[in-house]
Amino acid sequence: TPNTQSTQNAMSQATEMDETKAAAGGKHQLGTYRVYVVTWNVGSRFPDNISLRQLLGLHDLEGPDEQEGQKAVAMEMDHLPDIYALGLQEVNAQPQQQVLGLFKEDPWTHKAKQLLRRYDYVAIKTEQMQGLLLSMFVRRKHVAHLRDIEAEFTRTGFGGIWGNKGAVSVRFTLYGCGLAFVVAHLAAHDHQLDERIEDYRQILENHHYHVKRYREIYDHDYVFWFGDLNFRLEGSDSATEVRQLVGDETQHAALIKRDQLYKVREQTQQAFQVLHERLPAFPPTFKFREGTSEYDMKRRPAWTDRIMYAVQPLNKQPAMQLAIEQRSYKSHPAYTISDHKPVTSDFTVKLYPNVRAPGVLFSPLAVWRIGDENTVEYRKQAEFEEGSNDWIGIYPIAYASLADYAAYEYVNQAESPASSDSNHEADPFDTPTPATHRRGRHHHRNQQRLRRHQEANAPEMVRLDFADDVELRHGEQYRLIYFRSTGIRGVTSLAGISDAFVAEKRRGSPHRTEYHVD
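Each value, and the rule that gives it
Residue positions within a chain follow its written sequence, with the count starting from 1. For a predicted model such as this one, the threshold for reporting local features is a pLDDT of at least 70, and the threshold for listing and counting side-chain atom pairs is 80 or more; totals across whole chains, interfaces and linings nevertheless cover every residue. The side-chain figures draw on all heavy atoms in the structure; neither hydrogens nor water molecules are used. At least two bridges found by DSSP between two strands is the condition for calling them paired. Numbering goes from the N terminus for both helices and strands, where a helix is a DSSP run of H or I of at least four residues and a strand is a run of E of at least two. Axis lines are fitted to C-alpha atoms, over the contacting stretch for helices. Their N-to-C directions set the angle, which ranges from 0 to 180 degrees. We call two residues in contact whenever any of their non-hydrogen atoms come within 4.5 Å of each other. pLDDT measures how confident the predictor is about each residue, on a scale from 0 to 100. Counted as salt bridges are all cases of a side-chain nitrogen of Lys or Arg within 4 Å of a carboxyl oxygen of Asp or Glu. Burial status follows relative accessibility: with a 1.4 Å probe on protein chains alone, a residue under 20% of its type maximum counts as buried, one over 50% as exposed, and anything between as partly exposed.

An order of β3-β4-β2-β1-β11-β10 is seen for the six strands of this open sheet, with the pairing classed as mixed. Two strands lie at the open edges of the sheet, namely β3 (121–129) and β10 (324–331), each paired on one side alone. On average, each strand axis in the sheet is tilted by 15° relative to the strand beside it, whichever way the strands run. Two strands pair when backbone bridges link them, and strand β1 (residues 31–41) and strand β11 (residues 343–351) are joined in this way by nine bridges, in the antiparallel orientation. Residue Y33 lies in a different strand from β11, and its bridge partner there is V349. Where helix α4 (residues 107–116) meets the sheet, it contacts β1, β2 (83–89), β3 and β4 (132–139), and its direction lies at approximately 15° from that of β4.

This part takes up the confidence of the model for the chain. With 78% of its residues at a pLDDT of 70 or more, the chain shows a mean pLDDT of 84. Throughout residues 414–447 the model reports pLDDT below 50, and contacts reaching past four residues in sequence, or to other chains, amount to 86 contacts.

The next thing to look at is the pattern of salt bridges. Under the counting rule described, the total for this entry stands at 25 salt bridges. A salt bridge links R300 to D237, with the nearest nitrogen and oxygen atoms 2.8 Å apart. Placement of R300 in the loop between α9 (260–267) and β9 (305–311) and of D237 in the loop between β8 (222–228) and α7 (239–246) is noted, with a sequence separation of 63 residues between them. The class of D237 is buried, set by a relative accessible area of 15%. The salt bridge involving R369 is made with E504; its shortest N-O contact spans 3.4 Å.

Here it is in structure tokens:
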């Protein structure tokens, strides 16, 4: 719509200004970025009739008219988080929901994506293990600088064979720094403290990444660990007695000192001792009667839902220390659909905005001819190493997720299928070498689809043909994105994004474009 297009233009200009400012500094100049973390045990409920605006710290986009709506977005541009981490527990994981999840994203990620896309965010990775879900969103202007995106999970339920408890994580490198986001759901009930400590240790022992320098969780420059950690209060008082203490503000500090997480982190140092946390100033977030903000006396109130963080101050430049600040830490009692209240925390972190990893540079492509073969051309920058499963995706100009490609081709011909059929269910994020027999037409006139050329002391030039069956919308704009990929459940980096180009049908072409709608 015109409103959306003008908003995107304003955002694009703001991005260019930010990048110009960054380029003016030195290579290792420190910049400040915002990270917004959410944890919520949603109790198997769906987000059908609730708004996520308050939860995500957003104001309404819509004003009394379109013009005011655009002004609202522009005013918020300077104050939006750069990264969102949405961690949920007890997402509905019934068999029928898991089957649906094979074909489309879960309702919570979809709802967050639909809201955040209006603020120019992109969903970069979602990882789910039964009811445990982590969805990561990054502002569009940072997407081109994402490297080494990798997900991991650890089951701790029933001795590590069941995923009802455990952790999922997503790590990536951005502007020269490694960030790890870990969402966990630990053993329940007051008396299970030892089991929670053991869950923590199992997660550390079994969580491993495949990125140089960042093999383990605590190898990262920044770590955010959050979730329904299920730590309860020490003591034998009843639920009613604890509720009375919660209602007395003078007793808040004394109650916090009885918190099991505080005990194992600060006193005994049996778990989470590497992490930091601003002690909660909000009331306990569990257990509530669903549909209300009244405590359920079947359980003693407790601060089960927590967000912690850590920083490795020495990174690329010992003289320029990385730093993190927890700017807010609060619960959101207005949300009543489950027996937990959601908790959010807003951080600022320091990164190196001018650090650039080697990648590829696409040659300009003015028009994509629908119904014809099209050739994509790019140069490999010095020191860029191709992966065995690299691929190039075609994305709508306003893509809201890295999974929103319209079509793709693998770069290495030996690994690639014979066509770029956009309706095939294979996903290059999860399946680096899909079956060689794919549905659709395979009309490659040039059997040598990948051609390389390199002159002395010049970058290698690569040309890759896309088949004539790529289904794009006439008159719409698209971009190419080059992904460096190590393979199944592997490590993915964005190595290059092209300028926008238009898809057009040939005049008088009998080719009929069939639109693929999610």
